Amino acid sequence: MGKSATTKDAQALFHSLRSAYAATPTNLKIIDLYVMFAVVTALIQVVYMAIVGSFPFNSFLSGVLSCVGTAVLAVCLRIQVNKENKEFKDLPPERAFADFVLCNLVLHLVIMNFLG
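All values reported here derive from a predicted model rather than from experimental measurement.

K.L.:
What exactly am I supposed to notice about the packing of aromatic side chains here?
P.N.:
Working definition: an aromatic ring pair is given by the centre-to-centre distance plus the angle between the planes. Overall, the coordinates contain three aromatic pairs when judged by the stated rule. Ring geometry for Tyr34 against Phe100: centres 6.3 Å apart, planes inclined by 80 degrees, an arrangement best described as edge-to-face. Here Tyr34 is found in helix α2 (residues 26–52), whereas its partner Phe100 is found in helix α4 (residues 93–115), with 66 residues between them in sequence. Under the relative-accessibility criterion, Tyr34 is labelled partly exposed at 35%. Note on Phe57 and Phe60: the rings are 5.7 Å apart at their centroids and 40 degrees apart in plane angle, and the pair reads as tilted. One end of the pair, Phe57, and the other, Phe60, are both in helix α3 (residues 57–81), three residues apart, so they sit about a helical turn from each other.

Dropping the structure here:
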């Protein structure tokens, strides 16, 4: 009996999250997909390193840190672009995107320097 109540609660939670996410603007959904892509790419690199080995370890670190850093910067972009966030209401989306691009450029310059 407890298991069915737990299942119903989980289904209600899933339905609630799905309906709330359906109201999310398209530009935020695109950023969410980008974040998921970066995280999945980092996970693939970690699995590959576990299977094959990590001979050039700095290359492995560079790839994973590039993916994780890009995901973090994309989350920051999502926070700044979200219209419901009152903290960044005076910040235009173009400025937030320019910050994202500039920070990504700096991140990847550091990553390329770390590669050697």
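After that view of the structure, there is still more to cover.
K.L.:
Could you clarify how one ought to interpret the pattern of salt bridges in this entry?
P.N.:
Pairing is possible between side chains that carry opposite charge, provided their charged atoms lie close to one another. A complete count under the given rule lists two salt bridges for this structure. In this structure, the salt-bridge partner of Asp32 is Arg78, at a minimum N-O distance of 2.5 Å. Placement of Asp32 in helix α2 and of Arg78 in helix α3 is noted, with a sequence separation of 46 residues between them. By relative accessible area, which is 18% here, Asp32 ends up buried. Classification of Arg78 by relative accessible area gives partly exposed; the value is 23%.

K.L.:
Is there a simple way to explain the nonpolar core in this structure?
P.N.:
Nonpolar side chains in soluble globular proteins tend to end up buried together. Within the largest apolar cluster, twelve residues are counted, these being Leu28, Ile31, Val35, Ala38, Ala71, Leu73, Ala74, Leu77, Val81, Leu91, Ala96 and Phe100. Listing elements by their share of this core, those giving two or more residues are α2, α3 and α4. When residues of this core are assigned to their parent elements, the largest contribution, five residues, is made by α3. Discounting chain neighbours no more than four positions away, the residues touching Ala71 are Val35, Ala38 and Val39.

K.L.:
Whenever I open this one, the packing of α3 against α4 confuses me. Can you help?
P.N.:
How two helices pack is summed up by the angle between their axes together with the distance between the axes. Their axes nearest at 10 Å, the elements α3 and α4 cross at an angle of 170 degrees. By the criterion of interaxial angle, the relationship of α3 to α4 is roughly antiparallel. For the contact of α3 with α4, a count of residues per class yields 14 nonpolar, nine polar and one charged.

About the cut-offs
- Residues numbered from 1 in each chain as written.
- Predicted model: local features only at pLDDT ≥ 70, side-chain atom pairs only at ≥ 80, totals over all residues.
- Heavy atoms only, no water.
- Phe/Tyr/Trp six-rings, centres within 6.5 Å; stacked < 30°, edge-to-face > 60°.
- Helix = DSSP H or I, 4+ residues; strand = E, 2+ residues; numbered from the N terminus.
- Buried < 20%, exposed > 50% of the residue type's maximum accessible area, 1.4 Å probe, protein only.
- Salt bridge = Lys/Arg side-chain N within 4 Å of Asp/Glu carboxyl O.
- Core = buried A, V, L, I, M, F, W, Y, C linked by side-chain atoms within 4.5 Å.
- Contact = heavy atoms within 4.5 Å.
- Axes fitted to C-alpha atoms, helices over the stretch in contact; angles between N-to-C directions.
- Parallel < 35°, antiparallel > 145°, perpendicular 65-115°, else oblique.
- Nonpolar A, V, L, I, M, F, W, Y, C, P; charged D, E, K, R; others polar.

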